[in-house]
Structures are given as structure tokens and as C-alpha cells.
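Okay, here's what each chain looks like letter by letter:
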Amino acid sequence: MKTGVTTSARAGTAEPLDQRSVELATKPVMIGAAIALYLVTIPFLEILLGARTAMWSDINAALVPRYSAVWQNIRSGSSPFWWKSLFSGFNTLGAGQSAVFYLPNAIFGWLSPVTAFRWWLLGHIWFGAIGWYLWSLWRWRSIPGAVVSALAGTLSGFAVYHLVHLPFVASLAWIPWVLLLLDRTIERRGWIHPALLAFSLAAIAVIGHPVMIWFVGIIVVVTVAMRTISRRSNWRDVLHVYARVATGCALGFSLAAVQLIPQLSFGRTGIRELAGRDYFLDHAAAPRHLLTLVSPSIMGGSQHALWWSTPWRDEEIQHELANYLGIPILVLAVIGAVRLRRDRRVQSLLIVAAFGVLTALGRRTPVADFVFDTVPFADRFRVWSRNLVLLNVAIACLAGAGVREIAREPRRLARYTVYSAATLAVVMAVLPAATDLDGALVTGTEGALARFLPVVFLLLTSLAFALYDSRHHQRAVALLVTLCLIDLSMFAISAPWRGEGLRRERVEALYAANNPSRASQPGEPLEPLRWLNDDPRFFEDFLPSGISSATGFDPLLQTDYARTAGRLNENGSPLSSAFWRPGWLSDVLRVRVLASADQEPTDPRWRRSSSSLESWMIWSYEPRLAGSYLVGEAKVRSLDQARAGIYDPNTPLTEFAYVDTTTIDSRDTPRFAQLAQPGPSGTVINGAMDDGGHGRWTVNAERPSLFVTSYAWMEGWTATVDGQPVPVARTNALVLGVPVPAGQHEVQLTFTPPGWTTGRNITIIALTITLLILALDNQWGRSTVTALRRLVRRPARSRDSATTTS
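Report follows, based on the coordinates. (Residues numbered from 1 in each chain as written. Predicted model: local features only at pLDDT ≥ 70, side-chain atom pairs only at ≥ 80, totals over all residues. Heavy atoms only, no water.)

## Focus: the overall build of the protein
Within the protein, the regular secondary structure consists of 32 helices and 17 strands. Put simply, the protein has 806 residues, and 59% of those count as buried. Taking the contacts inside the protein whose residues are at least 6 apart along the sequence as the reference set, 75% of them involve residues at least 24 apart. Accessible surface, the protein as shown: approximately 31800 Å² in total, 58% of it carbon and sulfur. (Helix = DSSP H or I, 4+ residues; strand = E, 2+ residues; numbered from the N terminus. Buried < 20%, exposed > 50% of the residue type's maximum accessible area, 1.4 Å probe, protein only. Contact = heavy atoms within 4.5 Å. Areas by Shrake-Rupley, 256 points an atom, 1.4 Å probe, with all protein chains shown as cover.)

If you want it as C-alpha cells, here you go:
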């Protein structure tokens, strides 16, 4: 069947067509895109309609509250770089996952958290689906294949399980756009596509999860290497490719320097810097977890959807280790890989997939140790099971090729698929007799359904292949797409987001101003009062209310703070009883309320409250130190000495304050050491710290004094007294101290993240260069139009694409 498209003898070029032909060719592409968007929305209709929120766990315990705080500060004109609600004050820019410069997060500054999250989530799902559709269409020239790639990229196991982790959601939505622009950069001369590639890489980088940058880096390096390694490659062309890709990557990371440099600086003082190999290779996938690639419920975990209701039975975290590829999707990807095995693009995808699987298994293979020691930045990331995302990306790419390739030998492929179904049936039948998967294998009726449903989908897929001839072509295509949709939708609607996601009314109550946790935490501007918890689940219920906590929930927890504040673990929960035994720790950090699952304080100053919140026991405490005060004596000591002092209940901490000698310049030491008259030394007349880390206080000192305020010390604080710079010291092992002379003065404190100035300047330079590239290329508009025309007009290479574009 003629399509109205003619090609020149040279591959990859098309002769000009009239406008009528362009319009006819564009229509099916637009229809295919609309179908892809509709299909990927089906599993999330409840979210679209507002019946469910999909908000649970990390979403409420860390991410949405932080996104809201950042953009509400920006909207009010305050700095977005500091947040009072964690660790007595926290570097949001350095922590990265606050995504300060990720512009789509601006929605959290103008809409309620529940509404903002709904459109943020759906927007990224749609954006990612369109990216997969366009990449697959560009690469394989098959509209049905592009729809299948959109389904596979958007509804695969990694994407659905990680709906709980918004940085992964956002990064996954950008990955197909990186792939598309990378291909354009490799295949087309000029500098427009490297500039656009830079923007897509920068978007992933500023989202704030470095492991996703690493994944994209692996994909880029492997793809470029495989696409340029050939005996017939012209070395000049290869050098041009390397130059264009290197320029795009360099500009991309430079555009993101405003996030990357502060994050790198902050990470150097975090607890992960002290971790060893075992820590980073922890939480790797075991071979039994790979079974979830073809049978997602084989170890339980479905959330009361359809006929499954067995909880996850494995000892490890489900969303970190389980995955699912989709049976029809996997079959199509295998067909695409086999049929196009000589294609360099396919070979690069297979290498990426193999790398993801082998490294995801951690130390169960020798690959992980080799990669840990040799691949740049591999020794920075934990939970290596996440590397399976590389497999999901490769499968989504190859599935589109499989749709195109089945037209060549459909009946033969149907036979092979039946053989595969029979083999899988035998394996699933004998599996319970061979192993119980360390006690995680689901048995009974649900276990049988979990094991044999993939066999049913294999048989249905073979039926679609058998129908794939000239007479039933469109029916076969429709059946294939429908099978992919049903399979992945069944998985998606039974995934944790649907069973554990809180109802809208519940989430709105958490973020409401009348949340009970707020009523239990009275506070005055001068007197920061904080909660304390002994379990990370606490934050899911109470952080949305805007509480201020002495503990926290973040992997970049600062080492010194963690060691002093009750030996906090990575989730911010104290491992020791330092807060609730006799001592000064709760006084220094102004902890007034303890929400405990099972702890009973040994300090008699803690009082059991008659009220309770949710399942938490509530204890109250009256701190003996004010939130901001003046003291006459400063003892310049080491951090260890100061830490021992605040742990000692006999230390007269109302008479003096410890000043950490490692946080002040040697030239400033005499300035603190001369403060030698103990006892209270004046009053704080007024003042407060705002939501952005800028505080201003009016003080009246009876003699030279140390102004102490109960906000966490970290690198980046600066101070002035009456406009003159003064040093800021870590005081009482945790908080801020500023020397002031006798008399009435104005003290100001300002937090600026280390690395902010350098990162900002690099980003401005990179943005200027990137915009100049786009502006100075006088073929920008013409090249864009040409690219779009080639996308929709290039001749089909198989029966299915010819039919759908005719």
C-alpha cells in the first residue's frame, strides 16, 4: 500500500512532500499519541477523578512537605535554601531531593498539597508517555510500537513501585527525552540537539537524586560507544559525534551546577561519607526477586485488588526489590532484540540491560565489586537493586521494535511463544517443590494464579501473533496493545500505591491547619519548640502539619549532628536514649514533646500526657534553656568535650555555653575565650528566625556575651552584629552562638548553602552559552520543522507501520 512518501537512495533522507501529504502523515501520529496518553491514564483514573491520592510513606514523610516549603518560601520572597522542620534547621539545597530548581515543583507553591500532587504526578506520567512514544516512533517507525513503548515505559514495575519516590517519578519521565535527543545528537550535525540534550540532562540533575544521573550516564556512555565503534566509521564523523555529545553533557551538568555543587558539598559532611563497601552494596536483589520480573505477585504484595490480597512476604522492602516487565512487553522486546541483534542501537540496549541486572544482584556476582571499584561514582549509591531500572528502560525501547518485527514471521513467532508458554508452565508447576523462596513463595489458590497467569498471557500473545497476517493485521495489533494494557493495568492497580495511598480526606486532614499535632505544639517566635520521635513512621503522619523536629528523615543527615543528637540513624531516628534520659540534649534543641511507639523516658522531667495522637504515646517536657538567650561565659572546647558536657546532667549549662573550637578561625578564638563571666548576661528583647533561614534579634547585653539560639549549626551560617560581620560558632555541640559586646545590639543570622555562589555562577555561564547556541543557529526553526516532518513522513519499514500511516 502506498503511503505517499518517497525516499532518496541515501538512507535516512526524504524528498520534499507537499503540505497535503504532511497533514495526512501527521494525523495518525497524533491519534497514536492521544491513544497512548489515554491508555497510560486508565490505571490512574481514581487519581484523576480525585477518589484516591496515592500519597503515602515518603511522599508525606519527606517529599511533598519539603516541596511545599521550598515553593511557599519562594512565593513569599524568603530563601528556599533552609527548612526549619527537620534536624532543628536543614539545608534543603544541599539535600538535593528538595528539588529547589525543578520548575514543575512550582505547583506546590500555589495549590494545596493534595491537588498539587495529583496534577504533578499525572503530568509526569503523561510527559513520560509522550517521550517514550516519540522516541520509539523516531527509532522504529511504528505507531503501534510507539504506543507499546509508552505503556512499557510508564507502567513497568520500577515506575509503578516507585510512585512513592517522587524524584524517581520525575527522572523517569525525562529519560525517554534524553534518549530521543541523544539519538538526534549522534545522527545530526549541528549544535541545536546538544543544547536541547543539555536541558533534559539538567532537568534530571536538579531533581536531586544523583543515582538517576548515574543511570543516565551509563546509558549515554554505552550508547555513544556502541554507535561509533565500527570498522567503517569515519574517524572525523566519530570525533564530531563525541564532541557534540560531550558538549551536551558538559552543558547539562553545568546548567545543573547550581544544584550539584551544593549537594556535593553537603554530602561530604553526611553520614554516608563514613560508610563502607558493605553499606553501599546492601539491599541488592536476590535471584528470587528476579521472579517478580515475570510474576509480580509470586511473593505476595498485591493490595487487595482483583483476586489477590496476600501481603508481601519477603523480608526486604517490596518497592526496592520487586519489579515487573509485563509478559507481552517482554516477548516483544525479545523479538526486537533477536531480529535486530546486529543493530548497534539494539546492542547498546542489551549491554545496558545486562549491566542493570548483574549490578542489581550486588555481591552475588563478581560484577558489582568490579563496578564499585572501577566505574566513576558507583561507590556513592546504595540500594543497588534500583539498577534494574536500566533493564526496564531497555525493555521499553526494544518492545517497540518487536511490534514492528512481528510482521515478518508472525506464525513462526506464534509457535515459539507457545513453546515458551509450555516451558514456563512446567517451571511454575515444579517451583513449589523445588524451593519456597526462603519462605516468601505464595501458595494455595493465590499462589497458583500468580504463577500461571503469565502462562495465560503468553498464550494470548501467541494468538495475537497467529492473527498477524494481511487480513487480520489491524485486529492483531489491537489485540497486542490490549494485552499489554490489561497486563500492566492489572499490575498497576494492585500495586502498593493503590492499597496504601491515603484517602483524600485523610491527607487533607494531615496538611490542615487544625491538625492535632499543631495543637499539641504551641510555640512563640522567640521560642522554637520541637517534637521528637523514635520511629520514622512518625513523619508520615505529622510532618505534613508543619511540625518542627529535632530529628528528621533524610539520607544526607550530617555526621556530627547525628552523633550528638542521640546517634541518629539514616532515617533520623535516635538509636540511643540520650534525649529522654537525664541530661541537656532536649534542652539545647528545645524538645518539648516526645511521640514514642514504645519508649518510656528515664528522666523524671518527662511527663506522660493524658492525650495520645494516633498510635503514639505522648510525653511532654519543659526545656530549661530558652530558644534564644545571652550567657556570659563561653568555654572553647572540642566537639567531643562539648558532647560529653551536654550529656552530663550535672553540667551547669545555664551558666555557660560550649563553643566548638573546630568551627571558628584561630584568630577568633580569643574573642570567645574572653567571655569568662558565667551566668545569664542580658535579655533578648525581640526577634525571630524566618522560614528561609534569616533571623534578626534585638538584644541587650549587660556585659560581653554569647548570643545562643536553638537552630542547628552547619556550614553556611553567617552573622552580623549591628551590620558588622562576626563569627558563628557551633555552640553546645549542636546550635548557633554569636559573640556580642555589651549594650543593645541587633544580631542577624543568615544561611547560605556552601557551593551556592560557585554553582550559581557556573549555571549562569552555561545557560548563556546554551541560549546563544540556540539563538545563533539560524536554522533553528527550519531544523525543527524538518525534524518533525521526517518523524511523520519517513517510509515505514514493515507492514504494520505502512498500514497505520496509509
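## Side note on the sheet that holds strand β13 (residues 717-721)
Strand-to-strand pairing in sheets goes through backbone hydrogen bonds, with the strands running parallel or antiparallel. Strand order in the open sheet formed by 5 strands is β10-β11-β17-β13-β14, and the pairing between neighbours is antiparallel. Of all the strands in the sheet, the pair left with one neighbour each is β10 (682-689) and β14 (724-726). Taking the axes of each pair of neighbouring strands and ignoring which way they run, one obtains an average angle of 25 degrees across the sheet. (Pairing = 2+ DSSP bridges. Axes fitted to C-alpha atoms, helices over the stretch in contact; angles between N-to-C directions.)

## Remarks on the nonpolar core
In this structure, Tyr133, Tyr561, Leu589 and Phe707 are the most contacted members of the largest nonpolar core, which totals 255 residues. Those residues in contact with Tyr561 that lie beyond four places of it in its chain are Phe87, Ser88, Ala550, Leu568, Leu589, Ala712 and Leu734. (Core = buried A, V, L, I, M, F, W, Y, C linked by side-chain atoms within 4.5 Å.)

## Some thoughts on a nonpolar patch on the surface
Nonpolar side chains collect at one region of the surface, where Tyr416, Val418, Tyr419 and Leu459 lie side by side and expose about 380 Å² of accessible area between them. At 3 residues, helix α19 (residues 410-434) tops the list of elements feeding residues into the nonpolar patch. Tracing the backbone through its elements, the reader meets Val418 in helix α19. Overall, the relative accessible area of 36% leaves Val418 in the partly exposed class. (Patch = residues over 30% accessible without salt bridge, like charges linked within 9 Å, V, L, I, M, F, W, Y side chains within 5 Å. Salt bridge = Lys/Arg side-chain N within 4 Å of Asp/Glu carboxyl O.)

## Some details on the pairing of β10
As paired elements, β10 and strand β11 (residues 694-701) share 7 bridges and run antiparallel to each other. Bridging across to β11, Gly687 finds its partner in Trp697. A loop of 4 residues connects β10 with β11, the two strands running antiparallel in sequence, and Gly693 in this loop sits at a positive phi of about 85 degrees.

## A short note on the environment of Leu543
Position of Leu543 relative to the elements: it lies in the loop between α25 (537-542) and α26 (559-564). Residues Leu543 and Ser85, spaced 458 residues apart in sequence, show a C-alpha to C-alpha distance of 7.7 Å. Aside from chain neighbours lying at most four places away, what touches Leu543 is Asn60, Ala61, Ala62, Pro65, Trp83, Ser85, Leu86 and Phe538.

## With respect to the packing of aromatic side chains
Under the criterion given, the structure shown has 30 aromatic pairs. An angle of 50 degrees between the planes, with centres 6.0 Å apart, marks the rings of Trp214 and Phe215 as tilted. Residue classification places Trp214 among the buried positions, given a relative accessible area of 8%. Ring geometry for Trp214 against Phe355: centres 6.0 Å apart, planes inclined by 55 degrees, an arrangement best described as tilted. Placement of the pair is Trp214 in helix α10 (residues 210-228) and Phe355 in helix α16 (residues 344-360), with a sequence separation of 141 residues. With a relative accessible area of 17%, Phe355 lands in the buried category. Chaining the aromatic ring pairs together yields one cluster made of Trp214, Phe215, Tyr279, Phe280, Phe355, Phe372, Phe381 and Trp384. In this arrangement the basic side chain of Lys635 is found over the ring face of Phe656, its NZ or CZ atom lying 4.8 Å from the centre. (Phe/Tyr/Trp six-rings, centres within 6.5 Å; stacked < 30°, edge-to-face > 60°. Lys NZ or Arg CZ within 6 Å of the ring centre and 35° of its normal.)

## What to know about helix α12 (residues 257-267)
Considered for burial, the residues of α12 that qualify are Ala257, Val258, Gln259, Pro262, Gln263, Phe266 and Gly267. Residues of α12 that are buried make contact with β2 (90-91), α4 (92-95), α9 (192-207), α10, α11 (235-255) and α30 (756-776).

## Thoughts on the pattern of salt bridges
The full count for this structure, using the stated rule, is 32 salt bridges. In this structure, Arg66 engages Asp554 in a salt bridge whose closest nitrogen and oxygen atoms are separated by 2.7 Å. Linking Arg66 in helix α3 (residues 58-76) with Asp554 in the loop between α25 and α26, this pair joins segments that are 488 residues apart in sequence. For the pair formed by Arg66 and Asp554, the shared burial category is buried. Note that Arg380 and Asp379 form a salt bridge whose closest N and O atoms lie 3.7 Å from each other. The exposure class of Arg380 is partly exposed, given its relative accessible area of 32%. On the accessibility criterion, Asp379 (30% relative accessible area) is partly exposed. A cluster of three or more residues bridged by salt bridges with shared partners is formed by Arg339, Arg404, Glu405, Arg408, Glu409 and Arg412.

## A closer look at the packing of helix α20 (residues 444-466) against helix α21 (residues 473-493)
Where α20 meets α21, the axes come as close as 8 Å, and the angle between the chain directions of the two elements is 165 degrees. In terms of orientation, α20 lies roughly antiparallel with respect to α21. Regarding α20 and α21, the two cross each other, and that crossing is left-handed. On α21, the residues that touch Leu453, Phe457, Leu460, Thr461, Leu463, Ala464 and Phe465 of α20 are Ala476, Leu479, Leu480, Leu483, Ile486, Asp487 and Met490. (Parallel < 35°, antiparallel > 145°, perpendicular 65-115°, else oblique. Left-handed = near helix turned anticlockwise from the far one by under 90°.)

## Considering the pairing of strand β17 (residues 743-751)
As paired elements, β11 and β17 share 8 bridges and run antiparallel to each other. Bridged to Ala701 within β17 is Gly743. Direction of pairing for β13 relative to β17: antiparallel, over a ladder of 5 bridges. Looking across to β17, one finds that Thr720 is bridged to Gln748.

## Examining unusual backbone geometry
Despite not being glycine, Ala54 has its phi angle at roughly 60 degrees, a positive value. Within the secondary structure layout, Ala54 lies in the loop between α2 (45-49) and α3. On the accessibility criterion, Ala54 (2% relative accessible area) is buried. We note that Asp438 has phi near 55 degrees; this positive angle belongs to a residue other than glycine. Secondary-structure assignment places Asp438 in the loop between α19 and α20. Asp438 gets classed as exposed once you look at its relative accessible area, which sits at 64%.

## Comments concerning the side chain of Asp587
Among the secondary structure elements, Asp587 is positioned in helix α27 (residues 585-588). When its relative accessible area of 0% is taken as the criterion, Asp587 is described as buried. Excluding residues that lie within four positions of it along the chain, Asp587 makes contacts with Tyr621, Glu622, Pro623, Arg624 and Leu625.

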